[in-house]
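Residues per chain, in single letters:
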Amino acid sequence: MTTLKASRTGARVERQPLARYTTLGVGGEAEVWFVSDHAQLAEAMEAPYRILGGGSNLVVADEGVPERVIRLTGPLAQADLAPDPQLSTPGQVVTGWVGGGVPLPGLIRKLQKLGLSNLEGTVGIPAQVGGAVWMNAGTRYGETFDGLHSLEIVTPGGTRHVTPDDLAWGYRNSGIPRGHIVTRVRLRLRPSTPEEVLARMDFADQARKGQPKMKTPGCAFKNPGGGKGAGQLIDEAGLKGTRIGQAMIAPEHANFIVNLGGATAADVLALLRLIRERVGVPLELEYELWPEELG
Ligand code: FAD
Ligand code: EPU
(Lines give C-alpha, C1' and ligand atoms only; values in the text may rest on other atoms or scores of the structure.)
(Ligands and ions follow the chains in the order given, each with its own letter.)
Protein backbone atom coordinates (compact mmCIF):
# COMPACT_ATOMS: atom_id res chain seq x y z
CA MET A 1 0.00 0.00 0.00
CA THR A 2 1.25 3.50 -0.79
CA THR A 3 1.39 5.88 2.15
CA LEU A 4 2.19 9.50 1.50
CA LYS A 5 3.95 11.91 3.83
CA ALA A 6 6.30 14.86 3.73
CA SER A 7 9.48 14.67 5.79
CA ARG A 8 10.77 17.38 8.18
CA THR A 9 12.63 19.08 5.31
CA GLY A 10 9.83 18.54 2.77
CA ALA A 11 10.98 15.38 0.98
CA ARG A 12 8.09 13.32 -0.41
CA VAL A 13 8.12 9.85 1.16
CA GLU A 14 6.10 6.95 -0.25
CA ARG A 15 6.01 3.22 0.32
CA GLN A 16 6.20 1.78 -3.18
CA PRO A 17 7.08 -1.44 -4.99
CA LEU A 18 10.58 -1.05 -6.44
CA ALA A 19 9.50 -3.14 -9.46
CA ARG A 20 8.08 0.16 -10.70
CA TYR A 21 11.59 1.66 -10.80
CA THR A 22 13.65 -1.21 -12.21
CA THR A 23 14.04 -2.02 -15.91
CA LEU A 24 13.73 -5.72 -14.97
CA GLY A 25 10.31 -4.95 -13.44
CA VAL A 26 11.09 -6.94 -10.29
CA GLY A 27 11.35 -5.86 -6.64
CA GLY A 28 9.24 -5.61 -3.49
CA GLU A 29 8.35 -2.54 -1.45
CA ALA A 30 10.54 0.05 0.21
CA GLU A 31 10.21 3.52 1.64
CA VAL A 32 11.11 5.78 -1.27
CA TRP A 33 12.44 9.28 -0.48
CA PHE A 34 12.10 11.74 -3.37
CA VAL A 35 14.70 14.43 -2.58
CA SER A 36 15.09 17.63 -4.54
CA ASP A 37 17.76 19.52 -2.56
CA HIS A 38 20.72 18.97 -0.29
CA ALA A 39 18.77 19.53 2.96
CA GLN A 40 16.26 16.82 2.01
CA LEU A 41 19.11 14.55 1.00
CA ALA A 42 20.89 15.07 4.33
CA GLU A 43 17.69 14.16 6.19
CA ALA A 44 17.14 11.07 4.05
CA MET A 45 20.69 9.95 4.88
CA GLU A 46 20.09 10.12 8.64
CA ALA A 47 18.95 6.46 8.63
CA PRO A 48 20.25 3.48 6.59
CA TYR A 49 19.65 4.24 2.91
CA ARG A 50 20.30 3.20 -0.67
CA ILE A 51 20.51 5.44 -3.71
CA LEU A 52 18.41 4.47 -6.73
CA GLY A 53 19.18 5.72 -10.22
CA GLY A 54 17.45 4.50 -13.36
CA GLY A 55 17.13 1.00 -11.84
CA SER A 56 18.73 -0.39 -14.99
CA ASN A 57 21.35 -2.55 -13.29
CA LEU A 58 19.34 -3.83 -10.34
CA VAL A 59 17.86 -7.10 -9.14
CA VAL A 60 15.78 -6.22 -6.06
CA ALA A 61 14.51 -8.92 -3.69
CA ASP A 62 10.84 -9.87 -3.92
CA GLU A 63 10.62 -8.83 -0.23
CA GLY A 64 11.97 -5.36 -1.04
CA VAL A 65 14.64 -3.71 1.14
CA PRO A 66 14.39 -2.33 4.69
CA GLU A 67 16.50 0.78 4.00
CA ARG A 68 15.24 4.12 2.75
CA VAL A 69 15.55 4.28 -1.04
CA ILE A 70 16.57 7.73 -2.26
CA ARG A 71 15.53 9.15 -5.66
CA LEU A 72 17.02 12.42 -6.91
CA THR A 73 14.31 14.73 -8.31
CA GLY A 74 13.66 18.42 -9.04
CA PRO A 75 16.87 20.47 -9.45
CA LEU A 76 18.92 17.31 -8.75
CA ALA A 77 17.38 15.85 -11.93
CA GLN A 78 17.95 18.91 -14.14
CA ALA A 79 20.83 19.81 -16.44
CA ASP A 80 22.46 23.19 -17.03
CA LEU A 81 24.34 22.55 -20.28
CA ALA A 82 25.45 26.16 -20.82
CA PRO A 83 29.25 26.40 -21.06
CA ASP A 84 30.79 27.72 -17.86
CA PRO A 85 32.82 30.75 -19.05
CA GLN A 86 35.38 30.35 -16.23
CA LEU A 87 36.17 26.72 -17.02
CA SER A 88 35.61 26.44 -20.80
CA THR A 89 38.31 27.06 -23.42
CA PRO A 90 38.04 27.26 -27.25
CA GLY A 91 38.69 23.51 -27.54
CA GLN A 92 36.75 22.33 -24.50
CA VAL A 93 33.29 23.05 -23.13
CA VAL A 94 32.76 22.57 -19.40
CA THR A 95 29.05 22.71 -18.58
CA GLY A 96 27.15 23.95 -15.57
CA TRP A 97 25.83 21.41 -13.07
CA VAL A 98 24.05 18.31 -14.36
CA GLY A 99 21.98 16.57 -11.67
CA GLY A 100 22.66 12.94 -10.76
CA GLY A 101 18.97 12.21 -11.39
CA VAL A 102 19.04 13.32 -15.04
CA PRO A 103 18.15 10.46 -17.42
CA LEU A 104 21.22 9.72 -19.55
CA PRO A 105 19.39 8.97 -22.86
CA GLY A 106 17.72 12.42 -22.97
CA LEU A 107 21.01 14.09 -22.03
CA ILE A 108 22.82 12.33 -24.89
CA ARG A 109 20.15 13.51 -27.36
CA LYS A 110 20.47 17.12 -26.13
CA LEU A 111 24.27 17.04 -26.40
CA GLN A 112 23.97 15.69 -29.95
CA LYS A 113 21.69 18.58 -30.94
CA LEU A 114 24.20 21.02 -29.40
CA GLY A 115 27.03 19.35 -31.37
CA LEU A 116 28.91 18.49 -28.17
CA SER A 117 30.99 15.30 -28.24
CA ASN A 118 32.57 12.88 -25.70
CA LEU A 119 29.53 11.04 -24.32
CA GLU A 120 27.82 9.71 -27.47
CA GLY A 121 29.51 6.31 -27.00
CA THR A 122 27.14 5.72 -24.07
CA VAL A 123 24.07 5.91 -26.33
CA GLY A 124 21.36 3.39 -25.44
CA ILE A 125 22.27 3.03 -21.74
CA PRO A 126 19.00 3.57 -19.80
CA ALA A 127 20.72 4.98 -16.69
CA GLN A 128 20.55 8.20 -14.76
CA VAL A 129 23.69 10.33 -14.74
CA GLY A 130 24.53 9.38 -11.12
CA GLY A 131 24.17 5.64 -11.78
CA ALA A 132 26.12 5.88 -15.04
CA VAL A 133 28.93 7.68 -13.20
CA TRP A 134 28.89 5.25 -10.28
CA MET A 135 29.26 2.26 -12.64
CA ASN A 136 31.29 4.15 -15.27
CA ALA A 137 28.74 2.72 -17.69
CA GLY A 138 29.99 2.41 -21.23
CA THR A 139 30.30 0.53 -24.45
CA ARG A 140 33.31 -0.25 -26.57
CA TYR A 141 32.78 3.19 -28.18
CA GLY A 142 33.08 5.20 -25.01
CA GLU A 143 32.35 5.40 -21.32
CA THR A 144 30.86 7.91 -18.89
CA PHE A 145 34.23 9.11 -17.56
CA ASP A 146 35.14 10.27 -21.11
CA GLY A 147 32.86 13.25 -20.54
CA LEU A 148 33.36 14.09 -16.85
CA HIS A 149 35.04 17.28 -15.66
CA SER A 150 34.20 17.12 -11.95
CA LEU A 151 31.75 15.59 -9.52
CA GLU A 152 29.91 16.53 -6.37
CA ILE A 153 29.64 13.61 -3.96
CA VAL A 154 27.53 13.63 -0.80
CA THR A 155 28.12 11.28 2.14
CA PRO A 156 26.66 11.31 5.66
CA GLY A 157 29.91 13.08 6.61
CA GLY A 158 29.45 15.96 4.16
CA THR A 159 29.88 17.12 0.57
CA ARG A 160 33.07 17.01 -1.47
CA HIS A 161 34.07 17.96 -4.97
CA VAL A 162 36.45 15.70 -6.88
CA THR A 163 37.79 15.26 -10.39
CA PRO A 164 38.21 11.93 -12.22
CA ASP A 165 41.95 12.12 -11.38
CA ASP A 166 41.03 11.75 -7.70
CA LEU A 167 39.27 8.41 -8.34
CA ALA A 168 40.61 4.92 -9.15
CA TRP A 169 38.18 4.38 -12.04
CA GLY A 170 38.21 1.73 -14.76
CA TYR A 171 35.98 -0.68 -16.71
CA ARG A 172 32.46 -0.56 -15.18
CA ASN A 173 33.89 0.97 -12.00
CA SER A 174 34.17 4.57 -10.79
CA GLY A 175 36.11 3.88 -7.61
CA ILE A 176 33.36 5.74 -5.68
CA PRO A 177 32.45 3.80 -2.51
CA ARG A 178 28.93 2.35 -2.32
CA GLY A 179 26.50 4.74 -0.65
CA HIS A 180 28.43 7.88 -1.63
CA ILE A 181 25.87 9.82 -3.65
CA VAL A 182 26.77 11.54 -6.92
CA THR A 183 24.48 14.56 -6.68
CA ARG A 184 25.80 16.64 -9.60
CA VAL A 185 28.53 16.61 -12.21
CA ARG A 186 30.04 19.04 -14.66
CA LEU A 187 30.60 17.62 -18.14
CA ARG A 188 33.79 18.06 -20.17
CA LEU A 189 32.88 18.10 -23.86
CA ARG A 190 34.53 18.68 -27.21
CA PRO A 191 32.87 21.13 -29.60
CA SER A 192 31.84 19.24 -32.76
CA THR A 193 28.76 19.38 -35.01
CA PRO A 194 25.32 17.77 -34.55
CA GLU A 195 25.90 15.73 -37.74
CA GLU A 196 29.24 14.30 -36.59
CA VAL A 197 27.95 13.45 -33.11
CA LEU A 198 24.86 11.82 -34.63
CA ALA A 199 27.01 9.71 -36.96
CA ARG A 200 29.09 8.46 -34.03
CA MET A 201 25.94 7.78 -31.98
CA ASP A 202 24.40 5.76 -34.82
CA PHE A 203 27.62 3.78 -35.20
CA ALA A 204 27.76 2.95 -31.48
CA ASP A 205 24.06 2.05 -31.53
CA GLN A 206 24.69 -0.61 -34.22
CA ALA A 207 26.32 -2.78 -31.53
CA ARG A 208 22.90 -3.00 -29.80
CA LYS A 209 21.10 -4.57 -32.71
CA GLY A 210 21.57 -8.05 -31.21
CA GLN A 211 20.38 -7.07 -27.71
CA PRO A 212 16.92 -8.13 -26.48
CA LYS A 213 14.10 -5.59 -26.29
CA MET A 214 12.32 -7.11 -23.27
CA LYS A 215 12.48 -6.07 -19.60
CA THR A 216 16.06 -6.66 -18.43
CA PRO A 217 18.82 -5.14 -16.27
CA GLY A 218 21.33 -5.29 -19.16
CA CYS A 219 24.36 -7.59 -19.12
CA ALA A 220 24.41 -9.96 -16.16
CA PHE A 221 28.19 -10.43 -15.96
CA LYS A 222 31.20 -8.25 -16.69
CA ASN A 223 33.37 -9.47 -19.53
CA PRO A 224 36.34 -11.36 -18.10
CA GLY A 225 39.51 -9.74 -19.46
CA GLY A 226 41.45 -11.27 -22.29
CA GLY A 227 39.62 -13.90 -24.31
CA LYS A 228 35.94 -14.49 -24.82
CA GLY A 229 33.19 -12.24 -23.50
CA ALA A 230 30.62 -13.41 -20.93
CA GLY A 231 27.88 -13.58 -23.60
CA GLN A 232 29.90 -15.88 -25.81
CA LEU A 233 30.89 -18.11 -22.85
CA ILE A 234 27.25 -18.51 -21.71
CA ASP A 235 26.18 -19.09 -25.31
CA GLU A 236 28.84 -21.78 -25.79
CA ALA A 237 27.58 -23.49 -22.62
CA GLY A 238 24.32 -23.98 -24.55
CA LEU A 239 22.24 -21.86 -22.19
CA LYS A 240 20.45 -19.44 -24.56
CA GLY A 241 16.68 -19.68 -24.13
CA THR A 242 16.95 -21.46 -20.72
CA ARG A 243 13.99 -20.56 -18.54
CA ILE A 244 13.43 -20.67 -14.81
CA GLY A 245 9.94 -19.52 -13.87
CA GLN A 246 9.31 -16.35 -15.85
CA ALA A 247 12.99 -15.42 -16.28
CA MET A 248 14.91 -16.46 -19.39
CA ILE A 249 18.44 -16.24 -20.76
CA ALA A 250 17.77 -14.19 -23.88
CA PRO A 251 17.89 -16.15 -27.14
CA GLU A 252 19.30 -13.00 -28.81
CA HIS A 253 22.28 -12.50 -26.44
CA ALA A 254 23.25 -14.94 -23.69
CA ASN A 255 24.54 -12.30 -21.23
CA PHE A 256 21.04 -10.80 -20.89
CA ILE A 257 18.35 -12.21 -18.58
CA VAL A 258 14.84 -11.08 -19.53
CA ASN A 259 11.55 -11.00 -17.65
CA LEU A 260 8.89 -12.86 -19.63
CA GLY A 261 6.12 -11.26 -17.58
CA GLY A 262 5.85 -12.26 -13.94
CA ALA A 263 9.49 -13.06 -13.16
CA THR A 264 10.63 -12.93 -9.52
CA ALA A 265 14.04 -12.08 -8.13
CA ALA A 266 14.27 -15.75 -7.09
CA ASP A 267 13.87 -16.84 -10.76
CA VAL A 268 16.65 -14.48 -11.86
CA LEU A 269 18.99 -15.60 -9.06
CA ALA A 270 18.41 -19.24 -9.94
CA LEU A 271 19.44 -18.49 -13.53
CA LEU A 272 22.56 -16.64 -12.37
CA ARG A 273 23.53 -19.66 -10.23
CA LEU A 274 22.94 -22.03 -13.16
CA ILE A 275 25.14 -19.92 -15.44
CA ARG A 276 27.98 -19.91 -12.91
CA GLU A 277 27.70 -23.69 -12.49
CA ARG A 278 27.77 -24.37 -16.23
CA VAL A 279 30.38 -21.84 -17.45
CA GLY A 280 33.88 -23.04 -16.67
CA VAL A 281 35.31 -19.52 -16.18
CA PRO A 282 34.71 -17.42 -13.01
CA LEU A 283 32.29 -14.62 -13.92
CA GLU A 284 31.94 -11.37 -11.97
CA LEU A 285 28.39 -10.14 -11.61
CA GLU A 286 27.61 -6.80 -13.25
CA TYR A 287 24.10 -6.59 -11.76
CA GLU A 288 23.68 -5.05 -8.32
CA LEU A 289 21.71 -7.25 -5.94
CA TRP A 290 19.52 -5.48 -3.34
CA PRO A 291 20.21 -6.68 -0.68
CA GLU A 292 23.74 -7.86 -1.48
CA GLU A 293 23.19 -11.14 0.45
CA LEU A 294 20.61 -12.10 -2.18
CA GLY A 295 23.38 -13.71 -4.26
P1 FAD B 1 20.78 1.80 -10.84
O2 FAD B 1 20.56 0.55 -11.59
O3 FAD B 1 19.61 2.49 -10.25
O4 FAD B 1 21.84 1.54 -9.68
C5 FAD B 1 23.05 0.86 -9.95
C6 FAD B 1 24.08 1.23 -8.87
O7 FAD B 1 24.38 2.63 -9.00
C8 FAD B 1 23.53 1.04 -7.45
O9 FAD B 1 24.58 0.64 -6.60
C10 FAD B 1 23.08 2.43 -7.06
O11 FAD B 1 23.06 2.63 -5.67
C12 FAD B 1 24.15 3.27 -7.74
N13 FAD B 1 23.69 4.65 -8.00
C14 FAD B 1 22.59 5.01 -8.71
N15 FAD B 1 22.50 6.36 -8.72
C16 FAD B 1 23.55 6.82 -8.00
C17 FAD B 1 24.01 8.13 -7.63
N18 FAD B 1 23.35 9.25 -7.97
N19 FAD B 1 25.13 8.23 -6.88
C20 FAD B 1 25.81 7.12 -6.50
N21 FAD B 1 25.43 5.86 -6.81
C22 FAD B 1 24.31 5.73 -7.55
N23 FAD B 1 25.62 -0.72 -18.89
C24 FAD B 1 26.75 -0.42 -19.54
O25 FAD B 1 27.77 -0.09 -18.90
N26 FAD B 1 26.81 -0.47 -20.90
C27 FAD B 1 25.75 -0.78 -21.66
O28 FAD B 1 25.86 -0.82 -22.89
C29 FAD B 1 24.52 -1.07 -21.00
N30 FAD B 1 23.43 -1.38 -21.73
C31 FAD B 1 22.25 -1.63 -21.07
C32 FAD B 1 21.12 -1.89 -21.82
C33 FAD B 1 19.91 -2.14 -21.19
C34 FAD B 1 18.68 -2.42 -22.02
C35 FAD B 1 19.84 -2.12 -19.77
C36 FAD B 1 18.53 -2.34 -19.07
C37 FAD B 1 20.97 -1.86 -19.01
C38 FAD B 1 22.18 -1.62 -19.66
N39 FAD B 1 23.35 -1.35 -18.94
C40 FAD B 1 24.50 -1.03 -19.59
C41 FAD B 1 23.36 -1.45 -17.45
C42 FAD B 1 23.01 -0.13 -16.72
O43 FAD B 1 22.33 0.76 -17.57
C44 FAD B 1 24.26 0.55 -16.15
O45 FAD B 1 24.88 -0.28 -15.21
C46 FAD B 1 23.97 1.90 -15.47
O47 FAD B 1 25.17 2.48 -15.04
C48 FAD B 1 23.02 1.79 -14.28
O49 FAD B 1 22.64 3.10 -13.93
P50 FAD B 1 21.28 3.42 -13.18
O51 FAD B 1 21.16 4.90 -13.04
O52 FAD B 1 20.15 2.73 -13.80
O53 FAD B 1 21.62 2.83 -11.74
N1 EPU C 1 28.41 -13.38 -28.56
C2 EPU C 1 28.07 -14.70 -28.73
N3 EPU C 1 26.89 -15.13 -28.17
C4 EPU C 1 26.08 -14.31 -27.47
C5 EPU C 1 26.45 -12.96 -27.29
C6 EPU C 1 27.63 -12.52 -27.85
O7 EPU C 1 28.79 -15.45 -29.33
O8 EPU C 1 25.04 -14.78 -27.00
C9 EPU C 1 29.65 -12.90 -29.20
C10 EPU C 1 29.33 -11.92 -30.34
O11 EPU C 1 29.07 -12.59 -31.53
C12 EPU C 1 30.56 -11.06 -30.39
C13 EPU C 1 31.08 -11.05 -28.94
O14 EPU C 1 30.43 -12.15 -28.28
O15 EPU C 1 31.54 -11.66 -31.19
C16 EPU C 1 30.79 -9.74 -28.22
O17 EPU C 1 29.38 -9.55 -28.16
P18 EPU C 1 28.73 -8.09 -28.19
O19 EPU C 1 29.21 -7.35 -29.40
O20 EPU C 1 27.26 -8.22 -28.02
O21 EPU C 1 29.37 -7.34 -26.96
P22 EPU C 1 29.40 -7.77 -25.44
O23 EPU C 1 30.83 -7.80 -25.04
O24 EPU C 1 28.59 -8.97 -25.16
C25 EPU C 1 29.42 -5.34 -24.47
C26 EPU C 1 28.88 -4.76 -23.20
C27 EPU C 1 27.49 -4.23 -23.41
C28 EPU C 1 27.51 -3.19 -24.52
C29 EPU C 1 28.03 -3.87 -25.81
C30 EPU C 1 28.14 -2.90 -26.95
C31 EPU C 1 29.79 -5.90 -21.24
C32 EPU C 1 29.56 -6.92 -20.20
N33 EPU C 1 28.84 -5.78 -22.17
O34 EPU C 1 28.66 -6.50 -24.76
O35 EPU C 1 27.11 -3.58 -22.21
O36 EPU C 1 26.21 -2.67 -24.75
O37 EPU C 1 29.35 -4.39 -25.54
O38 EPU C 1 29.19 -2.01 -26.78
O39 EPU C 1 30.80 -5.19 -21.21
C40 EPU C 1 26.04 -3.88 -20.09
O41 EPU C 1 27.14 -3.64 -19.58
O42 EPU C 1 24.99 -4.06 -19.40
C43 EPU C 1 25.94 -3.94 -21.55
C44 EPU C 1 24.81 -4.24 -22.18
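Preceding block: the structure.
Residues numbered from 1 in each chain as written. Chains lettered and ligands numbered in written order. Predicted model: local features only at pLDDT ≥ 70, side-chain atom pairs only at ≥ 80, totals over all residues. Heavy atoms only, no water.

**Student:** Would you take a moment to explain the site of ligand 1 for this structure?
**Tutor:** Taken together, 34 residues are adjacent to ligand 1, and Ile51, Gly53, Ser56, Gly138 and Arg208 come closest. Measuring from an oxygen atom of ligand 1, one finds a backbone N or O atom of Gly54 at 2.8 Å. Interatomic distance of 3.0 Å between a side-chain N/O atom of Arg172 and an oxygen atom of ligand 1. Calculation on ligand 1 without its partners gives an accessible area of 960 Å², and the protein chains cover 94% of this total. Examining the composition of the shell around ligand 1, we find that five residues originate from one element, helix H3 (residues 129–135), more than from any other. Residues of the shell around ligand 1, tallied by class, amount to 15 nonpolar, 14 polar and five charged. (Near = heavy atom within 4 Å. Polar contact = N/O pair within 3.5 Å; in protein donor to acceptor, adjacent residues only side chain to side chain. Areas by Shrake-Rupley, 256 points an atom, 1.4 Å probe, with all protein chains shown as cover. Helix = DSSP H or I, 4+ residues; strand = E, 2+ residues; numbered from the N terminus. Nonpolar A, V, L, I, M, F, W, Y, C, P; charged D, E, K, R; others polar.)

**Student:** Mind showing me how you'd approach the site of ligand 2 here?
**Tutor:** Not every one of the 20 residues close to ligand 2 is listed here, only the nearest: Arg140, Tyr171, Cys219, Asp235 and Glu286. At 3.4 Å, a side-chain N or O of Lys240 approaches an oxygen atom of ligand 2. In the model, an oxygen atom of ligand 2 is placed 2.8 Å from a nitrogen or oxygen of the Ala254 main chain. Broken down by element, the shell around ligand 2 gets its largest block of residues, three residues, from helix H5 (residues 230–236). For the shell around ligand 2, a count of residues per class yields six nonpolar, eight polar and six charged.

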